[in-house]
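For reference, the chains in residue letters:
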Amino acid sequence: MLLEDLGWTPRFAEAFAPYAAQGYLPARVSLEHTHIYRVRTADDEQLARVSGRLRHDASGRADFPAVGDWVVLERPETGGDARIRAVLPRATRFSRRAAGNPTEEQVVAANIDTIFLVSGLDQDFNPRRIERYLVTARDSGAAPVIVLNKADLADDPGAIVIEVQSLAPGVPVHAVSAKTPGSLDALRAFIAPGRTAALLGSSGVGKSSIANGLIGDELLRTREVRESDSRGRHTTTGRQMVLLPGGGILIDTPGMRELQLWDAGESVAGAFADIDALAPGCRFRDCRHVSEPGCAVVAAAADGSLPAVRLESFRKLQDEQDHQATQQDERARIEQKRQGRIGAKALRSRLKDKGRT
Ligand code: GDP
Ligand code: ZN
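No experiment lies behind these values; they were computed from the predicted model shown.

The rules behind these values
Residues numbered from 1 in each chain as written. Chains lettered and ligands numbered in written order. Predicted model: local features only at pLDDT ≥ 70, side-chain atom pairs only at ≥ 80, totals over all residues. Heavy atoms only, no water. Salt bridge = Lys/Arg side-chain N within 4 Å of Asp/Glu carboxyl O. Helix = DSSP H or I, 4+ residues; strand = E, 2+ residues; numbered from the N terminus. Buried < 20%, exposed > 50% of the residue type's maximum accessible area, 1.4 Å probe, protein only. Contact = heavy atoms within 4.5 Å. Pairing = 2+ DSSP bridges. Axes fitted to C-alpha atoms, helices over the stretch in contact; angles between N-to-C directions. Phe/Tyr/Trp six-rings, centres within 6.5 Å; stacked < 30°, edge-to-face > 60°.

A. Looking closely at the pattern of salt bridges. For the structure on display, the rule yields 12 salt bridges. Two residues, D122 and K150, come together in a salt bridge whose shortest N-O distance is 3.1 Å. On the criterion of sequence distance, the pair formed by D122 in the loop between β8 (114-120) and α3 (127-140) and K150 in the loop between β9 (143-149) and α4 (157-167) is long-range, its members being 28 residues apart. A salt bridge links D274 to R310, with the shortest nitrogen-to-oxygen separation between them at 2.8 Å. Of this pair, D274 sits in helix α10 (residues 273-278) while R310 is found in helix α12 (residues 308-356), placing the two residues 36 residues apart along the sequence. Looking at R310, the relative accessible area reads 2%, which means it is buried. Put simply, E131, D274 and R310 are held in one network by salt bridges that share partners.

In structure tokens:
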């Protein structure tokens, strides 16, 4: 197996170069348990734990390895689990709010090139949800492809493709049916050898069916792995990173499936090309298109040239991101205060030591 088949690129090679000199191996995380990871090297697959140094240096959960990460692996000389010394800088990342601490970032998957945003053309079909997924994809850095599954249930899938194309100019849109494996060839075109893809979408849209179709029957049987967890119990886990028969890599983690918006940034605006195009006509450069006077976006919604639902979706997502930004600021403030306290304490004890000598 070549590292390139696992998604290795010159960018990772460059980041890894200093470690290569020290005899470490590059490996890609294929499965994440609570405290243990399954990693793939060029030669094999094995279990690994993070090193004490990595744990010590980590400033938050986002610094720990995630599925899809390229890591620096140290092999034990005397058997036992390998150690993950470092995580190479991520090309892309999908994050969510950590369970238990909604202001902490948790990376659910890393280094995904193509993200399939899956909807089902059944009674649950909702273009508004696609807009939402586009924002999430934009934040990650992965290139989105809109997949309209269950085309067999739609009267005129072609018409829906055209409708969806207007929501997302420049983003490929494909109608497929997991029930007709041949139709998935359109998706295979986006997963060239060495490229990594993932599926994102609500429960029931057909992500598992599409994954199974892409993986193919012969590999499906190996999708379940039995291994010991940290307490030595045997557990069965679904594979979270799979090499596809024609080359290419598919990442499918539970975390990817529950993804919500995370980043606060420009992305909401950037994901609405039609609103972006109108914004230069607003009186204020920083217009938020809510109640500002001379807002070209509100005017376009009023005269019908911009569908009112677009403005509604835009505002909803904008509100959600504002809310998160506030939470993140609050967290940064608390962290700063904490650091300040640690600093003051250290200073006091140093002064005390000085006083003693
Ligand atoms: P997931 O929750 O996104 O992984 O969705 P699943 O793959 O489990 O599919 C949910 C249901 O939709 C299952 O009953 C599938 O058999 C069905 N399904 C998936 N793809 C298609 C499709 O292309 N056409 C039809 N008619 N049903 C589908
Ligand atoms: Zn405006």
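B. Inspection of the environment of L214 at higher detail. Its location among the elements puts L214 in helix α6 (residues 207-215). Between the C-alpha atom of L214 and that of G246, which follows or precedes it by 32 residues, the distance is 9.3 Å. When residues no more than four places from it in sequence are discounted, the contact partners of L214 are L184, R188, I191, L244 and P245.

C. The arrangement of the sheet that holds strand β2 (residues 37-40) in detail. The 5 strands lie next to each other as β1-β2-β3-β5-β4, forming a closed barrel whose pairing is mixed. Here the strands of the sheet are splayed against their neighbours by 55° on average, with no regard to which way each runs. Two elements, strand β3 (residues 45-50) and strand β5 (residues 82-87), share 3 bridges in a ladder whose sense is parallel. Bridge pairing links V50 to I84 in β5. Its contacts with the sheet put helix α1 (residues 10-20) on β1 (25-32), β4 (70-74) and β5, and the angle it makes with β4 is roughly 20°.

D. Layout of the packing of aromatic side chains. Taken as a whole and judged by the stated rule, the model has 7 aromatic pairs. Ring centres of W8 and W70 lie 4.7 Å apart, and the angle between their planes is 70°; on these two criteria the pair is classed as edge-to-face. A residue pair is termed long-range when its members are at least 10 positions apart, and W8 in the segment before α1 and W70 in strand β4 qualify at 62 residues. What makes W70 buried here is its relative accessible area of 0%. Linked through ring pairs, W8, F12, F16, Y19 and W70 together constitute an aromatic cluster.

E. Region of interest: the environment of V50. Along the chain, the position of V50 falls in strand β3. Spatially, the C-alpha atom of V50 lies 8.4 Å from that of Y37, the residues being 13 residues apart in sequence. Those residues in contact with V50, other than ones at most four positions away along the chain, are Y37, R55, F64, P65, R83 and I84.

F. A look at the pairing of β4. Taking burial as the measure, the 5 residues of β4 include 4 buried ones, the bulk of the element. Judged from the 4 bridges that link them, β1 and β4 form a sheet pairing that is antiparallel. If you follow A27 over to β4, its bridge partner there is V71. The sheet contact formed by β4 and β5 spans 4 bridges and is antiparallel. Residue pairing across strands places E74 opposite R83, the latter belonging to β5.

G. Fine view of the sheet that holds strand β10 (residues 173-175). Overall, mixed pairing links the 6 strands, which are arranged β10-β9-β8-β11-β15-β14 in an open sheet. Pairing within the sheet leaves two strands with one partner each, and these edge strands are β10 and β14 (241-243). Here the average twist between neighbouring strands, direction ignored, is 25°. Sheet topology note: the β9/β10 ladder contains 3 bridges and is parallel. Bridging across to β10, L148 finds its partner in A175. Against the sheet, α4 engages β9 and β10, with an angle of about 160° to β10. Where α6 meets the sheet, it contacts β8, β9, β11 (196-200), β14 and β15 (249-251), and its direction lies at approximately 155° from that of β11.

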